[in-house]
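Letter by letter, the chains look like this.
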Amino acid sequence: MSAAPRAHELGIIGCHVCGLVCREPAGDDAACPRCGAALHRRKQGSLGRTWALLIAAFILYIPANVLPIMRTMSLGDADDNTIISGVVELWVKGSPSLAVIVFTASIVVPMTKFLVLGTLLVTTQRDSDWALRQRAKLYRAVEVIGYWSMLDVFVVALLTALVRFGFFSQVEPLPGVVFFGLTVILTMFASMSFDPRLMWDGPDHD
Amino acid sequence: MTEQTPGTGQAPRDDLPEPVVRKHRFSLSLIWLVPVLAALVGLSLVVHAWLQAGPDISITFQTAEGLEAGKTTVKYKNVVIGKVTGLELSDDRERVRVKVALNKSADGFATKGTRYWVVRPRIGLGGVSGVDTLLSGAFIGADVGDSKEEQYEFTGLEMPPAVLNGAPGKSFQLHTDDLGSLDIGSPVYYRRIQVGRVVSYTLDKDGKGVSLRIFVDGPNDRFVTRDTRFWNASGVDVSLGANGLKLNTQSLATVIAGGVAFAEPKGPHDDSPAAEDADFTLFGDEATAMSPPDGPPRYIRMRFNQTLRGLAVDAPVEFLGMNIGRVVSINLDYDAKHERFPVTVGAVIYPQRLGQAYDKLAAQAGTKDGRVDLGRMFAPLVAHGLRAQARTGNLLTGQLYIALDFVPKAAKAPFDMESTPIDLPTAPGSFDKLQEQLADIVTKVQKIPFDSIGHNLDRTLAELDRTLEQVNGQVLPQLRGTLESAQHTLGSAGNALSADSPLQQNLGSTLGELRRMARSLRALTDYLGVHPEALIRGRPDDPPPPERAHPPTRQGSKP
């Protein structure tokens, strides 16, 4: 192929932090002579980490959906809502646009992340050269949308802080939101720990 | 360690040993603690939920008003013990089946005897309850029973129970003729303090009375003694006594909503607390409740040969002024022999109200059919003149009551000791006597010949009229003539007596003559006094007259 030589082939290594290129060390415990960061060719244990975090995120995503995330109390009437029931309620009560936003942020985005990361992991592990460029785009998209899935947590946090009218109206966070937040954080870590260059390692060496 | 074997190294270093590592997913095992931890957390949640889940029960109600699946809670003493998970109609669509998931801690509520009811806002005369549910929505209240037997199907109460299980206090049974304005939840008062309430009421099996169940809260239940009297405290009791008008109520609420009051009777009584579920009689009012026990009622019958206008059912029957019973029936009868309409009055009497007198009389009379022989008891009294009389109790309204009194010099009356009910002989009442006397007077008055008196009077008046006519026609004109002549006479008399009349002048001159005559007479006597001889000799020649004896009169008189 029009294979550009890899750094490894040239016996050089770049620092991930400051970008300094130096000779590839023989051992593992090399550090960047300029900034002192650890030097390694690829993110260490990237696939394993990503898998672990992704699985953990998925496990936590179950209670995040099953448990109620928020309790709204108005005039003594307490109402517990899970993510789905909140979406349904928004839809029923005449805010379909809001319902769509919340649904996207709390259901579509995390699910997409699980799917995308899972696909990326599987294909990368199998050294597949299927749709490499698209996979790269997918990865970048996951990185971008990752932050947006915190929307629910922000909503709950904001409402809890703002709506404090005692008996008349009050919003309390419930355990579900913690799990949801953990899920989002874990998926973000997962996508961070995934090293996209691994995708290109496999199929390129023909 | 490296992730992958250096792929296409062009300068193989065969002298180095080839490591066997390829894909080391498990090499960084620490990161796998995260999913393990997450799994543990998830697992613990599942276990927790599983442990928390109590029994699922179903309760049927008449309506699911205010209930909401997934939201309505089940509360015991305001602690949430479960949640409604589903609502469905029963198979026959008569009722609503409410599925409830109880908490683990509340599995004791899935036992026999547990009662469930829906707490909704209720507004009654006794107050308002469940206001909190106005805003928060209805919830299902629960009250656990004593039983340990498990049960998963319940029939919900439509009304909240008045008494919760295990509440300190005692319940009692009251028996009365009718419920009045009492209802479940009606208050029970002791010295005007609410100490309990009516829990339930049922019609007696024979339909002849009502049994009420009341609950008196502890520790006040100890005030209910064996001799306690209960009465219906509903309404207003107005009594007009020697002390004036007295208005007696328990509380304003009972005036409208009714209530039960109780108290110990005055005087010596049994102070020991009544047992749970003891039976009591609920009297109509305090006075009845406080009066000595009536004993079994007895029936008597009386026949009156008079109109009994003003006698009503429930009119009192008094024995020597003591109220011993009341009239229960008034029936008109027809006596073909005498062609009269006697009135048969039936009355129920409580002879025991006579107290000691009754005890002694009863001892004398003995018993018949296991009861005091009323006939034998009354026989000697009737012989001594005991008669029933209808008397006027109230002169304004003309209300009658039956008085059993000894009538002096009463005519002998037949009395059948054996008849049941006994027939008491009657006597006309004092008011009837009064009426008779009045009638007598009226007859006497009627006997006065007002007609002839009037006639005579009329004639006399006609005579008088004629006489007066005569007087007018004849006497008066004559009288006027007489008066006229009299006036004339008086006029002439007046003329005669007037100052310038000739008579007057004549009279004056006459009188003047008379005076002159008197003067000369005096002169003569004087002269004779001095010269008595003159009578014989006559008067000498006149000496010169003394100056002094010359009065300066105009009329020179000559003797």
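S.K.: Is there a simple way to think about the sheet that holds strand 14 (residues 229–232) of chain B in this case?
M.R.: Within a sheet, each strand pairs with its neighbour through backbone hydrogen bonds, oriented either parallel or antiparallel. Residue and element names in this part refer to chain B. In spatial order, the strands read 10-13-12-11-17-14-18; together these seven strands close into a barrel with mixed pairing. Averaged over all pairs of adjacent strands, the angle between strand axes in this sheet comes to 35 degrees, irrespective of strand direction. Pairing geometry for strand 11 (residues 187–190) and strand 17 (residues 260–263), over three bridges, is parallel. By the bridge assignment for strand 17, Y189 is matched with A261.

S.K.: Is there a simple way to think about helix 4 (residues 96–125) of chain A in this case?
M.R.: Side chains three or four residues apart in an α-helix point the same way, a direct result of the helix having 3.6 residues per turn. Residue and element names in this part refer to chain A. Across its 30 residues, helix 4 extends 41 Å between first and last C-alpha, which sits within 8% of the 44 Å expected from 1.5 Å per residue. At T104, helix 4 shows its maximal bend, which comes to roughly 40 degrees. D127 lies just past helix 4 and shows a positive phi near 55 degrees.

S.K.: Before we go on, may I ask you to explain the side chain of S90(B) in this structure?
M.R.: All names here are of chain B. Its place among the elements puts S90 in the loop between strand 3 (79–89) and strand 4 (96–103). A polar contact is formed between the side chain of S90 and the backbone nitrogen of E94, at a distance of 3.4 Å. When sequence neighbours within four positions are dropped, the list of residues in contact with S90 reads R95 and R97.

S.K.: It is not clear to me how unusual backbone geometry should be interpreted in this structure. Could you clarify?
M.R.: With the exception of glycine, most residues fall at negative phi, and the peptide bonds are largely trans. Residues and elements named next belong to chain B. Cis geometry marks the peptide bond from G218 to P219, where omega comes out at 0 degrees. You can see P219 is positioned in the loop between strand 13 (210–217) and strand 14. Residue R191 is not a glycine yet carries a positive backbone phi of 50 degrees. Along the chain, the position of R191 falls in the loop between strand 11 and strand 12 (193–203). Although it is not a glycine, D277 sits at a positive phi angle of roughly 65 degrees.

S.K.: When you look at the packing of aromatic side chains in this model, what are you seeing that I'm missing?
M.R.: Any aromatic ring pair is given by two values, namely how distant the centres are and how the planes are angled relative to each other. Residues and elements named next belong to chain A. With the rule as written, the count across this model stands at 12 aromatic pairs over all chains. Each ring, one from F58 and one from F114, has its centre 5.2 Å from the other, and the planes form 85 degrees; the classification is edge-to-face. Here the residue F58 occupies a position in helix 2 (residues 46–66), and F114 occupies one in helix 4, the gap between them amounting to 56 residues. Given a relative accessible area of 8%, F114 falls into the buried group.

S.K.: How do you make sense of the pattern of salt bridges when you look at a structure like this?
M.R.: Once the charged atoms of two side chains with opposite charge are near each other, the side chains can pair. Going through the model one piece at a time under the given rule, you end up with 16 salt bridges over all chains. Of the charged contacts, one joins D80(A) and R71(A) as a salt bridge, the two residues approaching to 2.7 Å between their closest N and O atoms. Ionic pairing is found between R376(B) and D373(B), a salt bridge with its closest N-O pair at 3.1 Å. Exposure remark for R376(B): the relative accessible area of 39% places this residue in the partly exposed category. Looking at D373(B), the relative accessible area reads 5%, which means it is buried.

S.K.: How should the nonpolar core be read in this particular structure?
M.R.: Considering soluble globular proteins, one finds that nonpolar side chains tend to be buried as a cluster. Of all hydrophobic cores here, the largest spans 39 residues; its most connected members are L120(A), F180(A) and F194(A). Here this core gets 10 residues from one element, more than from any other, and that element is helix 2 of chain A. If near-sequence neighbours (up to four positions away) are discounted, F194(A) is found in contact with K43(A), S46(A), L47(A), T50(A), L120(A), L121(A), T124(A), Y139(A) and M199(A). Within the second largest apolar cluster, 35 residues are counted, among which are I349(B), A362(B), M377(B) and A379(B).

S.K.: Just checking my understanding: could you explain a nonpolar patch on the surface for this structure?
M.R.: Residues and elements named next belong to chain A. A grouping of I84, V88, W91, V92, V100, F103 and V108 is seen on the molecular surface, where their side chains present a nonpolar patch of about 640 Å² in accessible area. Elements represented by at least two residues in the nonpolar patch include exactly helix 3 (83–92) and helix 4. Note that V108 resides in helix 4. The class of V108 is partly exposed, set by a relative accessible area of 35%.

S.K.: Mind showing me how you'd approach the environment of V198(B) here?
M.R.: Residue and element names in this part refer to chain B. Its place among the elements puts V198 in strand 12. Each C-alpha atom of the pair V198 and L182 lies 7.9 Å from the other, and the pair is 16 residues apart in sequence. Once residues within four sequence positions are removed from consideration, V198 is found in contact with A162, D183, I184, G185, S186, V188, L212, R213, I214 and V260.

S.K.: Mind showing me how you'd approach the packing of helix 2 of chain A against helix 7 (residues 175–193) of chain A here?
M.R.: All names here are of chain A. Orientation of helix 2 relative to helix 7, taken along the N-to-C sense of each, is 160 degrees, at an axis distance of 8 Å. In terms of axis orientation, helix 2 runs roughly antiparallel to helix 7. For the pair helix 2 and helix 7, the crossing hand works out as left-handed. Where helix 2 abuts helix 7, its residues S46, R49, T50, L53, L54, A56, A57, L60, Y61, P63 and A64 lie against G176, F179, F180, L182, T183, L186, T187, F189, A190 and S193. Residues belonging to the contact of helix 2 with helix 7 are distributed by class as follows: 14 nonpolar, six polar and one charged.

S.K.: Just to check I follow, could you spell out the sheet that holds strand 4 (residues 77–81) of chain A for this structure?
M.R.: All names here are of chain A. Within the open sheet, the three strands sit side by side as 4-3-5. Their pairing is antiparallel. One side of each edge strand has no neighbouring strand; the edge strands of this open sheet are strand 4 and strand 5 (169–173). Across the sheet, the mean angle from the axis of one strand to that of its neighbour is 15 degrees, orientation sign disregarded. In this sheet, strand 5 lies alongside strand 3 (residues 70–74) in antiparallel orientation, the contact comprising five bridges. Looking at the pairing, M73 lines up with Q170 of strand 5. Relative to the sheet, helix 6 (residues 151–162) contacts strand 3 and strand 5, its axis offset from that of strand 5 by approximately 140 degrees.

S.K.: Where do I start with the environment of V80(B) in this structure?
M.R.: Residues and elements named next belong to chain B. With respect to the helices and strands, the residue V80 is situated in strand 3. The spacing of V80 and A142 is 62 residues in sequence and 10.0 Å in space, taken between C-alpha atoms. For V80, the residues in contact, after removing those within four places along its chain, are T73, V74, K75 and N103.

S.K.: Would you explain the pairing of strand 1 (residues 53–61) of chain B in this entry?
M.R.: On a regular strand, one side chain projects to one face of the sheet and the next to the other, so that they alternate. Residue and element names in this part refer to chain B. Counting buried positions along strand 1 yields seven of nine residues, so the element is predominantly enclosed. Bridge count between strand 1 and strand 4: seven bridges; the pairing is antiparallel. If you follow I57 over to strand 4, its bridge partner there is V100. The pairing of strand 1 with strand 9 (residues 153–155) spans three bridges and is parallel. Bridge pairing links T60 to T155 in strand 9.

Rules used throughout
- Residues numbered from 1 in each chain as written.
- Chains lettered and ligands numbered in written order.
- Predicted model: local features only at pLDDT ≥ 70, side-chain atom pairs only at ≥ 80, totals over all residues.
- Heavy atoms only, no water.
- Pairing = 2+ DSSP bridges.
- Helix = DSSP H or I, 4+ residues; strand = E, 2+ residues; numbered from the N terminus.
- Axes fitted to C-alpha atoms, helices over the stretch in contact; angles between N-to-C directions.
- Expected span 1.5 Å × (residues − 1).
- Bend = angle between axes of the 7 residues up to and from the residue.
- Polar contact = N/O pair within 3.5 Å; in protein donor to acceptor, adjacent residues only side chain to side chain.
- Contact = heavy atoms within 4.5 Å.
- Phe/Tyr/Trp six-rings, centres within 6.5 Å; stacked < 30°, edge-to-face > 60°.
- Buried < 20%, exposed > 50% of the residue type's maximum accessible area, 1.4 Å probe, protein only.
- Salt bridge = Lys/Arg side-chain N within 4 Å of Asp/Glu carboxyl O.
- Core = buried A, V, L, I, M, F, W, Y, C linked by side-chain atoms within 4.5 Å.
- Patch = residues over 30% accessible without salt bridge, like charges linked within 9 Å, V, L, I, M, F, W, Y side chains within 5 Å.
- Areas by Shrake-Rupley, 256 points an atom, 1.4 Å probe, with all protein chains shown as cover.
- Parallel < 35°, antiparallel > 145°, perpendicular 65-115°, else oblique.
- Left-handed = near helix turned anticlockwise from the far one by under 90°.
- Nonpolar A, V, L, I, M, F, W, Y, C, P; charged D, E, K, R; others polar.

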